[in-house]
Amino acid sequence: MPVVFPAAEPPFERFSGSGKKRALTWNELEEQVQQFAQRYRGQVVQLSPPELAVALQELSELTQALALAAHLAEGCESSSLPTAIPAEAEPEMAWTKADPSWRDLERVISLQSQLLFFPLELQSLTAVPLGEPAAETPQEREDRPSDPLAAACAEPELRPFRQFLCRLLQQRGHQQPEPLECLLHQQYPTGRLAWRQLWQVTLNSPAALPDHTLVQLGTPSHWREQSLPTHASAEIRWAAYQRLGQHLEAHADLGGFILSTLIRDHLWEAQWRGYDSAADLYLARHGLTQTFLENLLEGIRDRFDLFQHYYRLKSRNMGRSIRICDLRAPWRDPVPPLTSAEATSLIWAALQDFCPECAAQAKPWLLEVGSAIEADKPNRAAGTAFRPGETEFSPRSGETGSGGSELLLKVLAIISQRLRPEDPQVWLDLEEMQGSSALLPRAWGVQAHTVFLQQILLDHLVASAVGSPRMGRPALYDPEGQTAPQRWRERSGSLQLAQALLIHHLEAQLQAVFYQSLIGRLELILYRSGLPAWENVATYPLWVSEEWLKLCQELCGDAVELLPEHQFYWVGMPELFLRPFSAYQASLASLVALACHRRYHSSPRNFLPHYLRWLASPPGSLTLEETTQLLQADLSDPGGVLQALEELEHWIETLEKLLEENPDH
């Protein structure tokens, strides 16, 4: 009989004296890792499917705890870990937390190395099925038809971990014995930590921004980075852009050296593991191939005209040319603030138009979110400064979608994650483990669903604005089913609100689809070109800058003015240094959302059952390919990408029509 392993206390089920969950201390985290290793090392082959599900859940929770520790090493949040600094020290000390984070990240990586045995043992399950002893003759093993790891992917108890198991199955054959894997794991972060240190200590310092922007914004350094591109002052945007560009140029030689060293390491690892390219090495971790990436990028490249179309429209309405530093500059009047009741009422009405089943499911969550927003109001009125991650409802000042539209987007993002929770993170690769939480992209599936629901909300807003609801429901309702006040009905139908939200949506999707695709294309160029000869290392940064500027010029055409400083912006891209071949995820999320929305409007009766089945499927149970097939959003060839981009073209044309309706604002 197989051994029954008791479930250990989950890493996040620790509480402070006030009853609130807290992060583990280093000693607690180390103890959890050691206990896991003692229970399961050498025992994976004996686990039955239910026992394996328990172990994978525990590994997932340990992974989350390690990821949190890695993020806290960046100083993103306060905790019981020793790297945190007191809140009152920000923003003055936001850029001084470098030395402890090096040691703490190394400690996180060392702890994760102790867990490497588990996925490696799972990948080696080729001899006996799960739950049976390894007492078979070589001939019996050879005659056995089933693959235990493949069989595990089909077990009902393991459905929440199926995506993880399928990835292990795909990567099988590229792994090495555990001692070699641990050695590589321990040595892996050197170059990435060097870049992160360069960025955190030098590029993110107060010297990287003009003095007058520091005075006007008065926020921590990473907040400044987020708000400056959407600052209302063209002078401040340009000055900050120039200063940062000059700072990047000053460190381009060091950035080029770090980048070329990392590329050498990635090419070596791909060859060592038996992959055809470095792109295949990293994409395999997400169940993709280089061919998929190339088709995705090629389809996007064929519609660069959409990017240029939008910014010509923006230029005409602003009455001035658009510079590269003005891509997210605000260009419409902000809408008045909304109350939580108004925001939740509008979202509930939009969900009713789209899918009554989803609206009924979201109803209690909308009430909960509305109550949480109201509870935050006293803190805001008292002038309490919220830090990143402290509350779900705190707005970032200066964003394009300011005012009421920002509150709508935040509430909608929360409802999106409640309707379809994020897939469990059973194991994070080092690219995902390192880097601050501010730099880590959201999982593509979560982002795709949020973008899709944004379009559903836009459907309702645009229909109300023009007075002809597309889905035949002109009245608005609050989550309790009562008719909303006349004042709110008038506001929801205003062109101002529809325009603000649509502009925010379009600029976010243009950034995700087109600009992020340039990073992917740059990576393919860098890795295909190989490494520079030793005597040409000094000119390598200039060559990278030239290639990056060529890609940007192709995208911008004559619609956006490129500035000289932009050629060095590759030095500050975490995708190149921390997460190779990951930039596609933002493009993929937006394209899947656009494809779903197009499919929904072409045939709602056909699409909705597929969408509801996807919502009902356990998070983590579907691969990317299965998800896109279920949602009828196949992007495996350039043709599918082009069809999705036709929906983006529809939204640009919709904005033009709205501007014609109300040209004076």
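What you see is a predicted model, and the numbers here were worked out from it, not measured in a lab.

### Looking at the overall build of the protein chain
A count of helical and extended segments in the protein chain gives 29 helices and 2 strands. Split into buried and exposed, the 665 residues of the protein chain put 55% on the buried side. Partitioning the intrachain contacts of the protein chain with sequence separation of at least 6 by distance along the chain shows that 79% fall at a separation of at least 24. For the protein chain, the exposed area adds up to about 27400 Å²; of that, 53% sits on carbon and sulfur atoms.

### With respect to the pattern of salt bridges
Note that side chains of opposite charge can pair when their charged atoms are close. Enumeration over the complete set of coordinates arrives at 24 salt bridges. For Arg301, the salt bridge is made with Glu554, and the minimal N-O distance between the two is 2.7 Å. In this pair, Arg301 sits in helix α15 (residues 290-301) while Glu554 sits in helix α24 (residues 540-556), placing the two residues 253 residues apart along the sequence. Glu507 is paired through a salt bridge with Lys314; the nearest N and O atoms lie 2.8 Å apart. Linking Glu507 in helix α23 (residues 495-528) with Lys314 in helix α16 (residues 304-318), this pair joins segments that are 193 residues apart in sequence. Lys314 shares its class with Glu507; the two are buried. Linked by salt bridges that have partners in common, Glu181, Glu269, Arg273 and Arg285 make up one network.

### With respect to the state of the cysteines
Evaluation of the coordinates by the stated rule reveals 0 disulfides. Summary of cysteine pairing: Cys355 is not part of a disulfide, and the nearest cysteine sulfur, belonging to Cys358, is at 3.4 Å.

### A short note on helix α1 (residues 26-40)
Two residues of an α-helix separated by three or four positions point the same way, owing to the 3.6 residues in each turn. Helix length check: α1, at 15 residues, gives a terminal C-alpha distance of 21 Å against a target of 21 Å (1.5 Å per residue), a fit within 8%. Within α1 the residues assigned to the buried category are Trp26, Glu28, Leu29, Gln32, Val33, Phe36, Ala37, Arg39 and Tyr40.

### Brief notes about helix α29 (residues 638-661)
The end-to-end C-alpha separation of α29 is 35 Å, in line with the 34 Å expected for 24 residues at 1.5 Å each. For α29, the complete set of buried residues consists of Gly640, Val641, Ala644, Leu645, Glu647, Leu648, Trp651, Ile652, Thr654, Leu655, Leu658 and Leu659. Buried positions along α29 lie against α15, α16, α21 (444-466), α23 and α26 (584-602). Structurally, the start of α29 carries an N-cap: the backbone nitrogen of Gly639 is 2.8 Å from a side-chain oxygen of Asp637.

### Focus: the nonpolar core
Grouped together as the largest cluster of nonpolar side chains are 139 residues, with contacts concentrated most on Phe514, Trp548, Trp570, Leu591 and Tyr611. A total of 18 residues in this core trace back to one element, the largest contributor, which is α23. Excluding its chain neighbours within four sequence positions, the residues that come into contact with Tyr611 are Phe354, Cys358, His449, Phe452, Leu453 and Leu631. Core analysis: the next-biggest nonpolar cluster, separate from the first, contains 40 residues, Leu59, Leu116, Leu122 and Trp427 among them.

### What to know about the packing of aromatic side chains
Across all of its chains, the model carries 23 aromatic pairs by this definition. Each ring, one from Phe304 and one from Phe514, has its centre 6.0 Å from the other, and the planes form 70°; the classification is edge-to-face. Of this pair, Phe304 sits in helix α16 while Phe514 sits in helix α23, and the two are 210 residues apart along the sequence. Residue classification places Phe514 among the buried residues on the basis of a relative accessible area of 0%. Ring geometry for Phe354 against Tyr600: centres 5.1 Å apart, planes inclined by 80°, an arrangement best described as edge-to-face. With Phe354 in helix α17 (residues 340-354) and Tyr600 in helix α26, this pair connects stretches of sequence that are 246 residues apart.

### Here we look at the environment of Leu624
Within the secondary structure, Leu624 is located in helix α28 (residues 624-630). Judged by its relative accessible area of 11%, Leu624 is buried. Measuring from C-alpha to C-alpha, the distance between Leu624 and Trp444 comes to 9.5 Å, with 180 residues separating the pair along the chain. If near-sequence neighbours (up to four positions away) are discounted, Leu624 is found in contact with Leu288, Trp444 and Leu588.

### What about the confidence of the model for the protein chain?
Chain-level statistics for the protein chain give a pLDDT mean of 78 and a share of 72% at 70 or above. Below a pLDDT of 50 lies the segment residues 75-100, which in the model reaches 54 contacts outside its immediate sequence neighbourhood of four places, other chains included. Overall, residues 381-401 carries pLDDT values under 50, and its contacts beyond four positions in sequence, including any with other chains, amount to 50 contacts.

### A look at the environment of Gln112
On the secondary structure map, Gln112 appears in helix α3 (residues 99-113). For Gln112 and Ala67, which are 45 residues apart along the polypeptide, the C-alpha to C-alpha distance reads 9.8 Å.

### Overview of the packing of α26 against α29
Each packed pair of helices is defined by two parameters, the angle between the axes and the distance between the axes. It is at 8 Å that the axes of α26 and α29 come closest, and there the two elements cross at 75°. The angle between α26 and α29 places the two elements in the roughly perpendicular class. Residues Leu591, Leu594, Ala595, His597 and Arg598 of α26 form the contact with α29, whose participating residues are Val641, Gln643, Ala644, Leu645, Glu646, Glu647, Leu648 and Trp651. For the contact of α26 with α29, the residue count by class is 8 nonpolar, 2 polar and 3 charged.

### Re the environment of Ser636
Tracing the sequence through the fold places Ser636 in the loop between α28 and α29. For Ser636, a relative accessible area of 35% translates into the label partly exposed. C-alpha of Ser636 to C-alpha of Leu293: the two residues are 343 residues apart in sequence and 8.7 Å apart in space. Beyond its immediate sequence surroundings of up to four residues, Ser636 is in contact with Phe292 and Asn295. Only 3.0 Å separates the side chain of Ser636 from the side chain of Asp634, close enough to count as a polar contact.

Definitions and cut-offs
Residues numbered from 1 in each chain as written. Predicted model: local features only at pLDDT ≥ 70, side-chain atom pairs only at ≥ 80, totals over all residues. Heavy atoms only, no water. Helix = DSSP H or I, 4+ residues; strand = E, 2+ residues; numbered from the N terminus. Buried < 20%, exposed > 50% of the residue type's maximum accessible area, 1.4 Å probe, protein only. Contact = heavy atoms within 4.5 Å. Areas by Shrake-Rupley, 256 points an atom, 1.4 Å probe, with all protein chains shown as cover. Salt bridge = Lys/Arg side-chain N within 4 Å of Asp/Glu carboxyl O. Disulfide = S-S within 2.5 Å. Expected span 1.5 Å × (residues − 1). Polar contact = N/O pair within 3.5 Å; in protein donor to acceptor, adjacent residues only side chain to side chain. Core = buried A, V, L, I, M, F, W, Y, C linked by side-chain atoms within 4.5 Å. Phe/Tyr/Trp six-rings, centres within 6.5 Å; stacked < 30°, edge-to-face > 60°. pLDDT = per-residue confidence, 0-100. Axes fitted to C-alpha atoms, helices over the stretch in contact; angles between N-to-C directions. Parallel < 35°, antiparallel > 145°, perpendicular 65-115°, else oblique. Nonpolar A, V, L, I, M, F, W, Y, C, P; charged D, E, K, R; others polar.

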